[in-house]
Structures are given as C-alpha cells and as structure tokens.
Amino acid sequence: VQLQASGGGLVQAGGSLRLSCAQSGRTFSTYAMGWFRQAPGKEREFVATITGSGRSTDYADSVQGRFTISRDNAKNTVYLQMVSLKPEDTAVYYCAGRDSAWNARTLYEYRYWGQGTQVTVSS
C-alpha cells in the first residue's frame, strides 16, 4: 500500500489550501483514512479522520470548523480542505490509512503513512 500526499505550500494567514492523498495497493473504500500533522519540535498530532464510506468524520478541536476532510472513492483519494489558516497550522501534514473502516484519532491505529507535505502559514 502506498500513499502519496500533495498540495502543501506557503500561504498567508487567513488563506486556504487543499491537500490530496492518493492511495494505491488495496481497495480504498474499505478503510478509514486520516490526516495528522507535525510541527518542528512537536509530536505528530491528529487532525481529521473519515470512515471508509465517507459518511462519518471527526476533527481535532483546533481545526474544527476550519478544515474539512473528504474522500473520492472512485479516485482512491482523500482530501483535506483547509480555510482560515493560522500560523500555528504550520507543519508537515501526513495522510494515513487504517486496517479498519472506522475512524480513529491515535496515530498507532494507522498502519500506512504517506511521505508528508509541508504547509507553511505566514503571519
């Protein structure tokens, strides 16, 4: 299983970005997906997760109302739409895949990881 994340970049505070993560190597729609992030000097933290069907999502409090996770099972791709970005959102963002259809918040519950994409928000 391979995960390829893209879409990161440099944006001003208040701006928007959309991250994408394409999966190959197994049936995409069966499994939950998540996004995590890691800022310099900090531990990797949960951002958002979506069930295999796409019908249920869950967000960290810090991004609730600003970020939206979605998936296109026909394209084997999960997205993270980020709006109203803040400097504290600056981090490397990772997509991850579970071996279950259900959401999870802890990184240890995810088996597969993408390479990460850098998001930098300037003030």
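Above this text sits the structure in question.
Residues numbered from 1 in each chain as written. Predicted model: local features only at pLDDT ≥ 70, side-chain atom pairs only at ≥ 80, totals over all residues. Heavy atoms only, no water.

S.K.: Explain the state of the cysteines to me, using residue names and the numbers behind them.
M.R.: The full count for this structure, using the stated rule, is one disulfide. Here cysteine 21 pairs with cysteine 95 through a disulfide, and the sulfurs are 2.0 Å apart. Disulfide cysteine 21 to cysteine 95: torsion about the S-S bond roughly 55°, handedness right-handed. Here the residue cysteine 21 occupies a position in strand S3 (residues 17–24), and cysteine 95 occupies one in strand S9 (residues 91–97), the gap between them amounting to 74 residues. Residue classification places cysteine 21 among the buried positions, given a relative accessible area of 0%. On the accessibility criterion, cysteine 95 (0% relative accessible area) is buried. (Disulfide = S-S within 2.5 Å. Helix = DSSP H or I, 4+ residues; strand = E, 2+ residues; numbered from the N terminus. Buried < 20%, exposed > 50% of the residue type's maximum accessible area, 1.4 Å probe, protein only.)

S.K.: Give a description of the sheet that holds strand S1 (residues 2–6) that names residues and reports values.
M.R.: Across the sheet, four strands lie side by side as S1-S3-S8-S7; this open sheet has antiparallel pairing. On the outer flanks of this sheet lie S1 and strand S7 (67–72), each paired with one strand and no other. Going across the sheet, the axis of each strand differs from the next one's by a mean of 15°, ignoring polarity. Inspection of the sheet shows S7 paired to strand S8 (residues 77–82) by six bridges, in the antiparallel sense. Across the sheet, aspartate 72 pairs through a bridge with threonine 77, a residue of S8. (Pairing = 2+ DSSP bridges. Axes fitted to C-alpha atoms, helices over the stretch in contact; angles between N-to-C directions.)

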